[in-house]
Every structure is written in C-alpha cells, then in structure tokens.
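Architecture at a glance
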Amino acid sequence: MDTKKSIEALQFFVTHLSEGAFVHKLQGQIFKSQGFEKLGQKYVDHYTEEMEWVEKFTDRILALGGNVKFEGMEAHDLIENPIEYVKADLAIQGPGVDLLRNCMANVCDDPITYDLLKAYLADEEDDLGWSENAMRLIECLGAQNWLITQL
C-alpha cells in the first residue's frame, strides 16, 4: 500500500471540500435571506454533510500517520441568482465526480481509503443527480415556477 498516495488524495479532498462546503453555507444563507428557505436550507445542510466528510478524511489521514494541513481558501464570487448558482454548481459537480473516480483508482491498494472514497462518491452522485433534476425541472416548469417550489 502506498500510504503517501492515500494521504495526498485525502488531503486534496480535505482542502477543496472544506472550501466548497463553506461556499455552500454562504450561498444557503444568501438564498434564505431572499426568501428561498427550502433551497437555502438545502445548501446549509449540504455544508454540514460535506464537513462530516472532511472530518472522516482527516481522521483517515491521521490513522495513516499523516499530518493534516490547512491550505487556506481561495476567493469565490457568490451568486445572488439561485438558478445561476445551481447551473454553476452543476458545472463543477460533473468534473468533480470524474476526478473522484480517477482518485479512487490511485488508492485501490488501500481498501479502507478506497471504501471511504467510494462512499463519498455515492453521496456526490446523489448531489449531482439533485442538480441535474433541478435543471430539468427549471426547464419544464419555468424559472419562476421552480423558484416558487424553493420558498
């Protein structure tokens, strides 16, 4: 087993997932302030869920004898329009799922890390499905009607 490879993969997700989770939290607060309570709560809850993954990945790094790093966060523009945000998030999710699959191939000799990433992949595929479904509903119902469902 290549422990270094597993730690590097997990650290990548600790760093980038922490950053993405915080963006979701802020976006959720923005949407709630606009009256889109359901959509806002979805993203606030998503923050909590993603931070639970960060905790699991951190625990695994430590179990492997690695050192966890806080690598900071980059600046991100927040999006006021809920539909534009769902589109932007969807544009990130598809490539993110592909990246995760590729990462899993690199740690297949570490069954514990592999299984952890596999469980995370299932969660991410659910999130991707939600965003794809939201875009289909927006197309079918129209933007205003979909937004009403998010109040």
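Look above for the structure.
Here we summarise the structure given alongside this text. (Residues numbered from 1 in each chain as written. Predicted model: local features only at pLDDT ≥ 70, side-chain atom pairs only at ≥ 80, totals over all residues. Heavy atoms only, no water.)

1. Considering the overall build of the protein
Just so we agree on the cut-off: Strands are runs of DSSP state E lasting at least two residues, helices are runs of H or I lasting at least four, and both sets are numbered from the N terminus onward. Whether a residue is buried, partly exposed or exposed follows from its accessible area with a 1.4 Å probe, protein chains only, as a fraction of its type maximum: under 20%, in between, or over 50%, in that order.
Per the secondary structure count, the protein includes five helices and zero strands. Start at the N end of the protein and walk to the C end: the helices and strands fall as α-α-α-α-α. Across its three principal axes, the protein shows a C-alpha extent of roughly 50 × 25 × 20 Å. Counting every position in the protein, which comprises 151 residues, the buried fraction comes to 40%.

2. Overview of the environment of alanine 75
Considering the arrangement of structural elements, one finds alanine 75 in the loop between α2 (37–63) and α3 (82–106). Residues alanine 75 and glutamate 19 lie 56 residues apart in sequence; the distance between their C-alpha atoms is 9.4 Å.

3. A few points about the packing of helix α1 (residues 3–33) against α3
As a reminder of what qualifies: Comment: axis = line fitted to C-alpha atoms, over the contacting stretch for helices; angle = value between 0 and 180 degrees taken between N-to-C directions. Should an angle fall under 35 degrees it is taken as roughly parallel, and over 145 as roughly antiparallel, whereas 65 to 115 is taken as roughly perpendicular and any remaining angle as oblique. Each crossing is labelled by how the near helix is turned from the far one, with a counterclockwise turn of less than a right angle marking it left-handed and a clockwise turn marking it right-handed. The contact criterion used throughout is that any non-hydrogen atoms of two residues lie within 4.5 Å. When residues are sorted by character, Ala, Val, Leu, Ile, Met, Phe, Trp, Tyr, Cys and Pro go into the nonpolar class, Asp, Glu, Lys and Arg into the charged class, and all the rest, Gly among them, into the polar class.
Closest axis-to-axis distance for the α1/α3 pair is 12 Å, and the angle between their directions is 165 degrees. Relative to α3, α1 is oriented roughly antiparallel. Between α1 and α3 the crossing geometry is left-handed. Along its contact with α1, which presents Lys5, Ala9, Phe12, Phe13, Val23, His24, Gln27 and Phe31, the element α3 presents Pro82, Tyr85, Asp89, Leu99, Leu100, Cys103 and Asn106. Taken together, the residues of the contact of α1 with α3 sort by class into ten nonpolar, three polar and two charged.

4. Considering the side chain of aspartate 110
Which entries qualify depends on this criterion: Polar contact criterion, stated in full: a pair of N or O atoms within 3.5 Å, where within protein one must be able to donate a hydrogen and the other to accept it, and residues adjacent in sequence count only if both atoms are side-chain atoms.
Mapped onto the elements, aspartate 110 comes out in the loop between α3 and α4 (111–141). In this structure the side chain of aspartate 110 is engaged in a polar contact, spanning 2.7 Å, whose partner is the side chain of serine 6. Once you skip the residues sitting within four places of it in the chain, aspartate 110 turns out to touch Met1, Ser6, Arg60 and Leu64.

5. Focus: the layout of surface pockets
For clarity, the threshold we go by: Using a 1 Å grid laid over the protein atoms alone, points where a 1.4 Å probe fits but cannot get out form a cavity; open sets with protein on both sides within 12 Å along at least 5 of 7 lines form a pocket; any residue with an atom within 4 Å of a point counts as lining. Grid points are joined across faces, edges and corners, and a volume is the space filled by probe spheres set on the points.
Put simply, the largest pocket is a space of about 680 Å³. If you list the elements that add at least two residues to the lining of the largest pocket, you get α1, α2, α3 and α4. Considered class by class, the residues forming the lining of the largest pocket number 14 nonpolar, eight polar and five charged.

6. Topic: the packing of aromatic side chains
The line we're drawing: Any two rings among Phe, Tyr and Trp, with Trp reduced to its six-membered ring, count as a pair given centres within 6.5 Å; such a pair is stacked if its planes are under 30 degrees apart, edge-to-face if over 60, and tilted if neither. Lysine and arginine charges are scored as sitting over a ring when NZ or CZ, respectively, is within 6 Å of the ring centre and within 35 degrees of the ring normal.
Evaluated as defined, the whole model comprises ten aromatic pairs. Here tryptophan 53 and phenylalanine 57 contribute two aromatic rings whose centre-to-centre distance is 5.9 Å and whose plane-to-plane angle is 35 degrees, an arrangement assigned as tilted. Within this pair, tryptophan 53 and its partner phenylalanine 57 are both found in helix α2, separated by four residues, close to a single helical turn. You can call tryptophan 53 buried: its relative accessible area is 9%. On the accessibility criterion, phenylalanine 57 (0% relative accessible area) is buried. Connected via pairs of aromatic rings, a cluster forms that spans Phe12, Phe13, Trp53, Phe57 and Tyr120. Residue placement shows lysine 42 over the ring face of tyrosine 43; its charged tip is 4.9 Å from the ring centre.

Treat this as a map of the structure, not an account of what it does.
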